[in-house]
Number of protein chains: 2
Amino acid sequence: MSETYVGIDVGGTNIKIGLFDAGLKLICKTSITTDADMGPDIVINNMANAVKDLIAEAGLSLKDIVAVGIGTPGPAKYSEGILIRSTNMPKFKNVPICRILNEKLGAPVVYDNDANVACWGEYVVGAGKGVKDIVFFTLGTGIGGGIVSNGELVHGCDENGAELGHTIIYPDGRSCNCGQKGCVEAYASADSTARRAAEAIEGGAKSSLKKVLDKKGKITSKDVYEHLAAGDKLAKEITDGTAKALAITCINMLHATEPKRIVFAGGMIAAGDALLSRIKYFFNEHVWTLKKEAVEICFATLGQDAGIIGAAALAQHTKQQGKLK
Amino acid sequence: MSETYVGIDVGGTNIKIGLFDAGLKLICKTSITTDADMGPDIVINNMANAVKDLIAEAGLSLKDIVAVGIGTPGPAKYSEGILIRSTNMPKFKNVPICRILNEKLGAPVVYDNDANVACWGEYVVGAGKGVKDIVFFTLGTGIGGGIVSNGELVHGCDENGAELGHTIIYPDGRSCNCGQKGCVEAYASADSTARRAAEAIEGGAKSSLKKVLDKKGKITSKDVYEHLAAGDKLAKEITDGTAKALAITCINMLHATEPKRIVFAGGMIAAGDALLSRIKYFFNEHVWTLKKEAVEICFATLGQDAGIIGAAALAQHTKQQGKLK
């Protein structure tokens, strides 16, 4: 018997799966297409088969699996193992994903949302390692969040906690996709960053990004950072708007759960220090004097593997707490 | 042996002390003047003597004390039992308050900040009873905060968490005493509410409050609510500014630790439904549709006793966790 944990990271396009040993070292991993339109039975079956293939590849048996961890976007009743629905997988409705996987693999299944799982991965073996309190943001299409407080994920009363992208930083400000106004997501996600640049240009602002907008019909956050590097003034203003919005959110979380470290992940961290240094700048500008430099603000280190590592690590943590079902 | 808990609530003017039985029912209580200028040795000795008097009054002995809970304003190293300093008690510097009390009373001492202790009291036997996740605000000179997440107080990495009054709702807004700009405390504490009214009148706004300002040289939040009840338009605007600031903060905490209930305490809740109904109104105006009415927003029920009950309850909780030192 070789203590093995499975981590599964379900996205709308791909499902990533990894096997990990008791030290959370990756044994092997794979990625399969989600094929969400085939419906939950086939998708979950494909998932289970991919796990079995990995187990065989590693020379292990299903009995070696101590627990399986899985992360998906919500809304879901994570503690009950039920995916309620999914924007990217419209055929998934009230799917008892944990029970089905458990039947196919014969191991207990631990379930949480994708941002929490990635947060937990960074906490255990990535940028959040070594402290007990972190706050985690993913900067992508939207802004996802995770909170670890005193060594445990914060789930909230209905398991919808840490939706940090929808904390409000400018009341009555920009409209957010969620229906609220002034959410940090409406300013500082990759999409909102790009959109603010496009709106400024459409409003007459001068920028080297205008050519991109004219040619491609849209701007991405990657474009913004490339033109920032080339010295474009609007790209600088837009980046500062993003960084300030994130910095205010960092300050608010500092005064809420008081993390020792704040970790940013997601596609937009490819911007590197051009973004990180400005987040730190605005943090120190706006935070009270005693707290300047008190929080480490950094980028995630696990990249695309955060989800599978985090899911496996969460499965192991649940086992260690004696809470496996 | 009769299982007894002591709760001590240390303020700049008075120290309140209560004895509680195993069901957290009040046995008897007292209040002594703090006399902070006498220095920590005398103050803590007075405190211990008052506990001994209560124990005698109740026909108990010191051996009946299972644990003592104490709350003071910070900053302090609560888990180490050391009060670092206090604005209201300038002679208190790095006082090992738990060790001294322990030596005098022979029982373990549990220590936390005053807002956390009051929050815990409301959580266990007051307005927060029956749920596992609450957020707590005290509306006084400033705004204090407390968070209970999954049945435990959130302390943060340096035990300075839940400073919710200093979460920012209007970046670059009103200056706060803490040095930041745009904190909710700068808008919605009792002092800030009164100050905003005075500033508006000094700026030429018409209001029945002008007579109060001219006569007394200042306005209190109580004046604002009295004139609101009498139909004054400025008092309504000021109240709405306070309520909106608190509502935005409630939304932000909903998206952070997702409380089931949000409890407001402190002097300003004397305003009653004139304030509470407006907080709820702005909450529902600004929160995303799914979350309308999802959170119970209410006023605290323990009044002045929250501190002693909370301190005793926290001592008992620590005992139950097997964490008494």
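Residues numbered from 1 in each chain as written. Chains lettered and ligands numbered in written order. Predicted model: local features only at pLDDT ≥ 70, side-chain atom pairs only at ≥ 80, totals over all residues. Heavy atoms only, no water.

Structural notes on the overall build of chain A
Within chain A one finds ten helices and 13 strands. The C-alpha atoms of chain A give a radius of gyration of 21 Å, which matches the 20 Å a tight globule of 325 residues would have. Each principal axis of the C-alpha distribution contributes one length, and for chain A these read about 65 × 45 × 35 Å. Across the 325 residues in chain A, those meeting the buried criterion constitute 58%. Partitioning the contacts of chain A with sequence separation of at least 6, the portion at a separation of at least 24 is 61%. As presented, chain A carries roughly 13200 Å² of accessible surface, and 49% of it is formed by carbon and sulfur atoms. Averaged over its 36 positive side-chain charges, chain A has a centre that lies 3 Å from the centre of its 36 negative ones. (Helix = DSSP H or I, 4+ residues; strand = E, 2+ residues; numbered from the N terminus. Rg over C-alpha atoms; globule rule 2.2 N^0.38 Å. Buried < 20%, exposed > 50% of the residue type's maximum accessible area, 1.4 Å probe, protein only. Contact = heavy atoms within 4.5 Å. Areas by Shrake-Rupley, 256 points an atom, 1.4 Å probe, with all protein chains shown as cover. Lys, Arg positive; Asp, Glu negative; His and termini not counted. Charge placed at Lys NZ, Arg CZ, Asp CG, Glu CD.)

A look at the packing of helix α6 (residues 209–216) of chain A against helix α7 (residues 221–229) of chain A
Residue and element names in this part refer to chain A. Across the interface, α6 lies against α7 with an axial gap of 10 Å and an inter-helix angle of 150°. In terms of their interaxial angle, α6 and α7 are classed as roughly antiparallel. Crossing of α6 over α7 shows right-handed handedness. Each of Leu-209, Val-212 and Lys-216 in α6 lies in contact with α7, whose residues at this interface are Asp-223, Val-224 and His-227. (Axes fitted to C-alpha atoms, helices over the stretch in contact; angles between N-to-C directions. Parallel < 35°, antiparallel > 145°, perpendicular 65-115°, else oblique. Left-handed = near helix turned anticlockwise from the far one by under 90°.)

Things to note about unusual backbone geometry
Residues and elements named next belong to chain A. Cis geometry marks the peptide bond from Gly-74 to Pro-75; its omega dihedral reads 5°. Within the secondary structure, Pro-75 is located in the loop between β4 (65–72) and β5 (76–77). In this structure, Leu-24 takes a positive phi of about 60° despite not being glycine.

Here's the deal with helix α7 (residues 221–229) of chain B
Residue and element names in this part refer to chain B. Taken as a whole, α7 has its buried residues at Ser-221, Asp-223, Val-224, Tyr-225, His-227 and Leu-228. Along its buried surface, α7 packs onto α5 (190–202), α6 (209–216), α8 (233–254) and α9 (273–286). Gly-231, located one to two residues past α7, shows a positive phi value of around 95°.

Things to note about the nonpolar core
Counting residues in each nonpolar core, the largest one holds 112 residues, and the members touching the most others are A:Phe137, A:Phe264, B:Phe137 and B:Phe264. In this view, B:Phe264 contacts B:Phe137, B:Leu139, B:Leu246, B:Cys250, B:Ile269, B:Ile279, B:Ile297, B:Cys298, B:Phe299 and B:Ala300; residues no more than four positions away in its chain are not counted. (Core = buried A, V, L, I, M, F, W, Y, C linked by side-chain atoms within 4.5 Å.)

Considerations on the pattern of salt bridges
All names here are of chain A. Tallied over the full model, the rule gives 22 salt bridges over all chains. Arg-278 is paired through a salt bridge with Asp-240; the nearest N and O atoms lie 2.8 Å apart. Linking Arg-278 in helix α9 (residues 273–286) with Asp-240 in helix α8 (residues 233–254), this pair joins segments that are 38 residues apart in sequence. Since its relative accessible area comes to 16%, Asp-240 is described here as buried. Look at the salt bridges and you will find they share partners, linking Lys-236, Asp-240 and Arg-278 into a network. (Salt bridge = Lys/Arg side-chain N within 4 Å of Asp/Glu carboxyl O.)

Overview of the relation of the copies chain A and chain B
Between chain A and chain B, which share one sequence, the superposing operator has a rotation angle of 180° and an axial displacement of 0.0 Å; the RMSD is 0.0 Å. Given the turn and translation reported, the copies of this chain are related as if by a two-fold rotation axis. (Least-squares fit on C-alpha atoms with pLDDT ≥ 70 in both.)

Describing the sheet that holds strand β2 (residues 14–20) of chain B
Residue and element names in this part refer to chain B. What the five strands build is an open sheet, ordered β3-β2-β1-β4-β8; its pairing is mixed. Strand pairing shows two members of the sheet lacking a second neighbour, β3 (26–33) and β8 (109–113), which therefore form its edges. Pairs of neighbouring strands in the sheet enclose a mean axial angle of 15°, with direction left out of account. Where β2 lies against β3, seven bridges are found, and the strand directions are antiparallel. (Pairing = 2+ DSSP bridges.)

Things to note about the packing of aromatic side chains
What describes a pair of aromatic rings is the distance from one ring centre to the other and the angle between the planes of the rings. On inspection of all chains with the given rule, the structure shows ten aromatic pairs over all chains. Both rings, one in A:Tyr78 and one in A:Tyr111, keep their centres 5.0 Å apart while their planes meet at 65°; by these two values the pair is edge-to-face. Here the residue A:Tyr78 occupies a position in the loop between β5 and β6 (82–85), and A:Tyr111 occupies one in strand β8 (residues 109–113), the gap between them amounting to 33 residues. For the pair shown, A:Tyr78 and A:Tyr111 are each scored as buried. On the basis of an interplanar angle of 40° and a centroid distance of 4.9 Å, the ring pair of B:Trp120 and B:Tyr123 is categorised as tilted. Separated by three residues within a single helix, B:Trp120 and B:Tyr123 lie in helix α3 (residues 114–125), roughly one turn from each other. Geometry around A:Tyr281 places A:Arg278 over its ring, the cationic atom sitting 4.4 Å from the centre. (Phe/Tyr/Trp six-rings, centres within 6.5 Å; stacked < 30°, edge-to-face > 60°. Lys NZ or Arg CZ within 6 Å of the ring centre and 35° of its normal.)

With respect to the pairing of strand β2 (residues 14–21) of chain A
Residues and elements named next belong to chain A. As paired elements, strand β1 (residues 4–10) and β2 share seven bridges and run antiparallel to each other. Counted as the bridge partner of Tyr-5 is Phe-20 from β2. Hairpin connection, β2 to strand β3 (residues 26–33): the antiparallel pair is bridged by four residues, and Leu-24 has positive phi, about 60°.

Topic: empty space enclosed by the protein
Applying the stated rule across the entire model yields one cavity of 30 Å³ or more. Reported here for the largest cavity is a volume of approximately 100 Å³. Every residue lining the largest cavity is listed: A:Thr167, A:Thr249, A:Asn252, A:Met253, A:Ala256, B:Thr167, B:Thr249, B:Asn252, B:Met253 and B:Ala256. Its residues assigned to classes, the lining of the largest cavity comprises four nonpolar, six polar and no charged. (1 Å grid on protein atoms, 1.4 Å probe; cavity = no way out; pocket = protein on both sides within 12 Å on 5 of 7 lines; lining within 4 Å. Points joined across faces, edges and corners; volume = space filled by probe spheres on them. Nonpolar A, V, L, I, M, F, W, Y, C, P; charged D, E, K, R; others polar.)

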